[in-house]
Amino acid sequence: MSEIKRILVVSTLLRGHGGMETAVNHFVEGMKSRNISVRIIFLGKQKRGKHSFHWCEGLNYKVLLPSYPFNDFIRNQIETVRLRRIIESWEPDVTIALNNSALDRLATARSKIKNPFAIYSWIHFSLKILRRIKTITKADFHLAISSGIKEELISELNISPERIRTVWNPFIKTEFLIERDPTKLNFLFMGRLAEQKDPEKLIRSFSGIQGHWILHIIGDGGLKSNLCRLANELNISQKIIWHGWQKNPWEYVRDKIGKVTCLIMTSKNEGFPMVLVEALSHGVFCISTDCPTGPRDVITSNNGILVPLHDSQGVSQAIEYVIHNNLPTSEKVAESVEKFQLENYTDNVLDFLENTSNSFSSAKETAL
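Residues numbered from 1 in each chain as written. Predicted model: local features only at pLDDT ≥ 70, side-chain atom pairs only at ≥ 80, totals over all residues. Heavy atoms only, no water.

Asks: Quick question: what am I supposed to make of the sheet that holds strand 9 (residues 213-218) here?
Replies: Across a sheet, strands are paired by hydrogen bonds formed along the backbone, either parallel or antiparallel in direction. If you trace the 6 strands from one edge of the open sheet to the other, you get 10-9-8-11-12-13, paired in parallel fashion. A single partner strand is all that each edge strand has here, and the edge strands are strand 10 (240-244) and strand 13 (304-307). Neighbour-to-neighbour, the strand axes of this sheet turn through a mean angle of 20°, independent of strand direction. Sheet topology places strand 9 next to strand 10; 4 bridges connect them, and they run parallel. Bridge assignment links H216 to a residue of strand 10, and that residue is I241. Docked against the sheet, helix 7 (residues 249-257) engages strand 8 (185-190), strand 9, strand 10 and strand 11 (262-265), running at close to 155° with respect to strand 8. (Pairing = 2+ DSSP bridges. Helix = DSSP H or I, 4+ residues; strand = E, 2+ residues; numbered from the N terminus. Axes fitted to C-alpha atoms, helices over the stretch in contact; angles between N-to-C directions. Contact = heavy atoms within 4.5 Å.)

Here it is, written out as structure tokens:
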């Protein structure tokens, strides 16, 4: 039985369609299975069309100031006071910040509270793309979602390895596998059509590929019109099907697309790419750029191909390999991600939280 009973997660508002939202939902579900309550506090001004809360259904969450028309300084002051009052009344055993603004606010609130509590960072992006990374040092301990982020915390911020645990992100074991059909080459991209995901590299990688293949794109974003023009210029638009954003993408793949040969991820950077873990858990072989950070924690010789980030021909060559070679069975691919299952993830996170929060409390009591 865990000594931790209440966990407070603090974050700025999220858009509602990404991997962070999935990770938070799975985190809450894992903790709930151990009778641990998780409360989520959102900071910032809610904007219509930008922030969605459909993913929060069933979660215990609160937006501190959803639409108050204050300037940033006043808003920050009011949010910090309200956050402090929530901490004082609810008395969480652990506090976790998803980003720098949340860390700032938690650290300020703690300075006004008599009873000490540990603050954990849970950063979901490579430090190389974040601003004000020194803010992360305000956390006492760190949940690293990839080995790459752990390395960055050590090298960029000189954080002691003992204060960091690589936890990855969890997935809930799927009930179905997506098989391959050797007579149909169905390639799949799943993600936002944004610069970070580098969908232009994806489209260009198919420009010289011969044969009867189809590229299915699940996702939407500001680059779609440019990508459609590029596909026309390369004379491959007739081989691309645009499915748009889907609420339950893997059920959609199963019901509407059926057999899938391979998923391709061409990102320039990630935190921990859940789309790879989800694809592999469904038995789908993957091609991924070796971007910072995360893919090298997931892709192995048993489940996919890792392409050097700046190899302009690497994705095309990987596609050719997939077309002309036998791949591991769907069952073998799915077995490769067992360590990311929710139960194993929850054990790992709780072990770190319990050990470090206890040592933090003991050190603070001795200091007092």
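Asks: Would you mind going over the sheet that holds strand 4 (residues 94-97) with me for this structure?
Replies: Reading across the sheet, the 7 strands line up as 3-2-1-4-5-6-7 and stay open at both edges, with parallel pairing between neighbours. The strands lining the two open edges of the sheet, one partner per strand, are strand 3 (60-63) and strand 7 (164-166). The mean angle between the axes of side-by-side strands here comes to 20°, regardless of whether they run parallel or antiparallel. In terms of strand pairing, strand 4 meets strand 5 (residues 119-121) through 3 bridges, oriented parallel. Bridge pairing in strand 5 places I96 opposite Y120. Against the sheet, helix 4 (residues 147-157) makes contact with strand 6 (141-144) and strand 7, and its axis sits at roughly 160° relative to strand 7, the strand it touches most.

Asks: It is not clear to me how the nonpolar core should be interpreted in this structure. Could you clarify?
Replies: Counting residues in each nonpolar core, the largest one holds 95 residues, and the members touching the most others are I7, F27, W122, W250 and L263. Examining the composition of this core, we find that 7 residues originate from one element, helix 12 (residues 342-367), more than from any other. When sequence neighbours within four positions are dropped, the list of residues in contact with W250 reads F176, I178, L188, M190, L263, V275, E278, A279, H282 and V284. One finds F187, I203, I236 and I319 within the second-largest nonpolar core, a separate group that totals 28 residues. (Core = buried A, V, L, I, M, F, W, Y, C linked by side-chain atoms within 4.5 Å. Buried < 20%, exposed > 50% of the residue type's maximum accessible area, 1.4 Å probe, protein only.)

Asks: What should I look at first to understand the environment of I203 in this one?
Replies: In this fold, I203 is placed in helix 5 (residues 199-205). According to the relative accessible area criterion, I203 is buried, its value standing at 1%. In this structure, the C-alpha to C-alpha distance between I203 and S237, residues 34 residues apart in sequence, is 9.5 Å. What I203 contacts, discounting residues up to four positions off in sequence, is L215, I217, L227, L230, A231, L234, I236 and I240.

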